[in-house]
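Structural features, examined
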Amino acid sequence: MTLEDFTEFTDEDDGGGETPSEDGPADASQQPRAGSADGGSVSDADPTAGDTPATDDAFAAYDADPVGSDAGLGVVSVSQGLRVAEDEDETTLRAFVTTGNRDAVRLGKYLVVPYPDGERLFSRITALEYAQEFQSDDATEIHARRQMRRDDFAERDYKFMAELEPMSVVYDDADGLRRRMTDRVPKPGAVVEEAADDAEIKTGLKIPEEGVFLGHLSVGGETVRTAAEPPTVDYRIKDTYGDGDPLAFRHTLVAGGTGSGKTHAAKNVLRQYLDADRTYRMDDGRTARMAVVQFDPQDEYAQMHDDNPEMDPATARRFEREGIAHGGHDDTVALVPSVPNATYPGEGHRAERVPFTIPFSLARDMPWLVAGSGLNENQYPALLTLLNRFFDDHGDAGTYRQFLSYLDDPALKQELHENGRVHEATFDAVKRRVRGVPGGVFDGDARPITELDHTLVRPGGLSVVPTYHLPTSRHKEIVVLAVAALLVDDKLSNDPDSDRIKETPLLIGMDEAHNFLADADTVQARKVINTFTEAAKQGRKERLGLFLITQDPQDVAESVFKQVNTKLVLNLGDEDAIQSVNIPSTLAGKVPYMEKGQMVVYSPDNSEPVELIGLSTCVTRHGD
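Residues numbered from 1 in each chain as written. Predicted model: local features only at pLDDT ≥ 70, side-chain atom pairs only at ≥ 80, totals over all residues. Heavy atoms only, no water.

1. A few points about the overall build of the protein
Looking only at helices and strands, the protein features 15 helices and 22 strands. By the burial criterion, 48% of the 624 residues in the protein qualify as buried. Partitioning the contacts of the protein with sequence separation of at least 6, the portion at a separation of at least 24 is 72%. Working note: accessible area of the protein is about 31600 Å², and carbon and sulfur atoms make up 45% of it. (Helix = DSSP H or I, 4+ residues; strand = E, 2+ residues; numbered from the N terminus. Buried < 20%, exposed > 50% of the residue type's maximum accessible area, 1.4 Å probe, protein only. Contact = heavy atoms within 4.5 Å. Areas by Shrake-Rupley, 256 points an atom, 1.4 Å probe, with all protein chains shown as cover.)

2. What about the environment of Leu73?
Mapped onto the fold, Leu73 is located in the segment before β1 (74-77). Expressed as a C-alpha distance, the spacing of Leu73 and Ala104, which sit 31 residues apart in the sequence, is 9.0 Å.

3. Some points on the nonpolar core
Counting residues in hydrophobic clusters, the biggest one holds 91 residues, and the most contacted among them are Phe360, Phe442 and Met510. Broken down by element, this core gets its largest block of residues, 11 residues, from helix α10 (residues 473-492). Membership of the second largest hydrophobic core comes to 45 residues, among which are Ala266, Val464, Leu570 and Met599. (Core = buried A, V, L, I, M, F, W, Y, C linked by side-chain atoms within 4.5 Å.)

4. Some details on the environment of Asp283
For Asp283, the location among the structural elements is in the loop between β12 (279-281) and β13 (287-289). The class of Asp283 is exposed, set by a relative accessible area of 69%. Residues Asp283 and Glu542 lie 259 residues apart in sequence; the distance between their C-alpha atoms is 9.0 Å. Among residues more than four places away in sequence, those in contact with Asp283 are Lys541 and Arg543. Within polar-contact distance, the side chain of Asp283 engages the side chain of Arg543 at 3.2 Å. (Polar contact = N/O pair within 3.5 Å; in protein donor to acceptor, adjacent residues only side chain to side chain.)

5. Regarding the pattern of salt bridges
In the structure shown here, the tally under the stated rule is 37 salt bridges. Among the ionic pairs, Glu209 bridges to Lys202, the shortest N-O distance being 3.6 Å. The exposure class of Glu209 is partly exposed, given its relative accessible area of 49%. The exposure class assigned to Lys202 is buried, which follows from its relative accessible area of 3%. Linked through salt bridges whose partners overlap, the residues forming this network are Asp117, Glu119, Arg180, Asp183 and Arg184. (Salt bridge = Lys/Arg side-chain N within 4 Å of Asp/Glu carboxyl O.)

6. Here we look at unusual backbone geometry
In this model, Glu229 is joined to Pro230 through a cis peptide bond whose omega is 0°. Residue placement: Pro230 occurs in the loop between β9 (222-223) and β10 (234-237). In this model, Asp299 sits at a positive phi of 55°, which is unusual for a non-glycine residue. By secondary structure assignment, the location of Asp299 is in the loop between β14 (291-296) and α4 (313-321).

7. Section: the pairing of strand β8 (residues 212-219)
Here is the key point about a regular strand: its side chains alternate between the two faces of the sheet. With eight of eight residues buried, β8 is to be regarded as a mostly interior element. Bridge count for β8 against β10 is four bridges, and the pairing is antiparallel. Residue pairing across strands places Phe213 opposite Arg236, the latter belonging to β10. With three bridges connecting them, β8 and strand β22 (residues 610-613) associate as antiparallel partners. What sits directly across from Ser218, in β22, is Glu611. Hairpin connection from β8 to β9: two residues lie between these consecutive antiparallel strands, with Gly220 at a positive phi of about 60°. (Pairing = 2+ DSSP bridges.)

8. Regarding the packing of helix α6 (residues 400-407) against helix α8 (residues 424-435)
Between two packed helices, both the angle of their axes relative to each other and the distance between the axes serve to describe the pair. Orientation of α6 relative to α8, taken along the N-to-C sense of each, is 155°, at an axis distance of 11 Å. Looking at the two axes, α6 sits roughly antiparallel to α8. Both α6 and α8 take part in a crossing whose hand is left-handed. The residues of α8 that touch α6, namely those facing Tyr400, Phe403, Leu404 and Leu407, are Phe427, Lys431, Val434 and Arg435. Classifying every residue of the contact of α6 with α8 gives six nonpolar, no polar and two charged. (Axes fitted to C-alpha atoms, helices over the stretch in contact; angles between N-to-C directions. Parallel < 35°, antiparallel > 145°, perpendicular 65-115°, else oblique. Left-handed = near helix turned anticlockwise from the far one by under 90°. Nonpolar A, V, L, I, M, F, W, Y, C, P; charged D, E, K, R; others polar.)

9. So, the packing of aromatic side chains
Here a ring pair, both rings aromatic, is described through the centre-centre distance and the interplanar angle of the planes. Counted by the stated rule, this structure contains 14 aromatic pairs. Centre to centre, the rings of Tyr110 and Phe122 are 5.6 Å apart; their planes meet at 20°, and the pair counts as stacked. In this pair, Tyr110 is assigned in strand β3 (residues 110-114) and Phe122 in strand β4 (residues 120-132), connecting sequence segments 12 residues apart. With relative accessibility at 7%, the residue Tyr110 sits in the buried group. Aromatic pair Tyr130 and Phe160: ring centres 4.8 Å apart, planes at 55°, arrangement tilted. (Phe/Tyr/Trp six-rings, centres within 6.5 Å; stacked < 30°, edge-to-face > 60°.)

10. Considerations on the pairing of β3
Burial runs high along β3: four of the five residues are buried. Pairing of β3 with β4 involves five bridges; the strand directions are antiparallel. Bridged to Pro114 within β4 is Arg120. The hairpin formed by β3 and β4 contains five residues between the paired strands, and Gly118 there has a positive phi angle of roughly 105°. Sheet topology note: the β3/strand β7 (residues 191-194) ladder contains two bridges and is antiparallel. In the sheet register, Val112 faces β7, and the bridge partner there is Glu193.

11. Some thoughts on the confidence of the model for the protein
With 88% of its residues at a pLDDT of at least 70, the protein reaches an overall mean of 88. pLDDT under 50 marks residues 1-50. Its contacts with residues more than four places away, or in other chains, come to 30 contacts. (pLDDT = per-residue confidence, 0-100.)

Laid out in structure tokens, this is it:
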């Protein structure tokens, strides 16, 4: 039998006797004991018998208990260098993790390393590895076969090393905990501990103590636990003017695939902005509550009027303790676009319904509403000419049907052609495009939206514009863009048509934003994008915020997208979509594996990039 032949090695190969140990015969009791010629122990021998030299070279055993107890996960190691540098690629910071702590260590976990003077280095784990404890080769047949026959893993045979990324130095001053950039190297052998203090974690990650609640801090899908009560770390978005403008007016993007929980998350966030205690300072010294106008393609957001029947009293009390606004929002109105032969069911909520129509007069300032698609640089000016002449003749009371009749006048076509203002072929092209506008979208049997500004925008009120019932995508596009542009224009204007819109803090929520704010080559599409780009740029000073929700963030026009400061990224399976949200690569790699409700928050003006777990219970009604 050869040494390598493990499979055939049995007790019978030894002649049927006991399997010998590696140190000698199986029956050790028959062998002489060290230190005695007759097998007696050293203690049994005559102490005066000095003729026989002692043969026991074993160390004497002593009873000893370690003083104190282990604290922390491990210690800072210098075996492979210990260096903190301005260039993070040149930083070397590693910790040896002790055997009993290794199963609890995960990538991304937040750790603190104390300095002798009481300051703490706040860091996170970026890599984990086992390293050889001794200079030996475990890639051998003997070692592999031995391990395959064992049920356990000998942790002590290996070193377990954690590579750390320094994030900040946390220290105490007269105003409490503060943070600064990493400018010190920790001492060799310093104890590495898991961050478990709520205030220290928030300071280390630059998370505000107060603001709009988004979720609870997590690592790898597990909620970060602390010694505080409650034990979770709440993540909030700055909502005061202490450190600049509230981030609501720096715009928010919620991106997530189907089933990722983005509507659930959006409702939870919007409900916080509608809290009765949340106000914003205006230029004239007043404070006012936020108005929210939410465009709703799936008829889900009007449900925010109602309480969540699945919320139990214990959950409600927990939300109250954490300062999370919850419960149905009574001041919710469904502003329903009125289109012939399109009935809005609205069965999923109890909110008030107010029908409205789009007046054709809006086309005077928004000619792209009737441009259809495909107008080129020559045809669009022709449309402007025709609209201006029409409204000069008919005033703002002019209707879409009257405009069609106006275009049917052959004398008008000949006049414009002869004076060189609009060529005959261009006139015909514009006429075809205008007739392509879907029927009934303008001047329906309801009050014009321009007369409902006090209903549309209410301080502390939620106005939902459902489009699920509209018959075509073109109907939906015109309604959403007309109402949204009406709000934006009055917000940005120095001479607004509605003082209510101008003087109220406003958040415009747009679900499926990629359908309305997609970049395109047509001139009218560029006009739409320009409108919302200006809204995004000037929103901060005008108290106007965009709240965009999409499953295809890569389709949102770049000029609008790059103005968004806060990104909530839930599960996305498309690589192009993940790349387009432009979050740090360390977090981008986790996005495809996120469970429902998990998200990455990237808000450079608010905190370090972090993972969150949203509320599993929606704060308002959600779903059937």
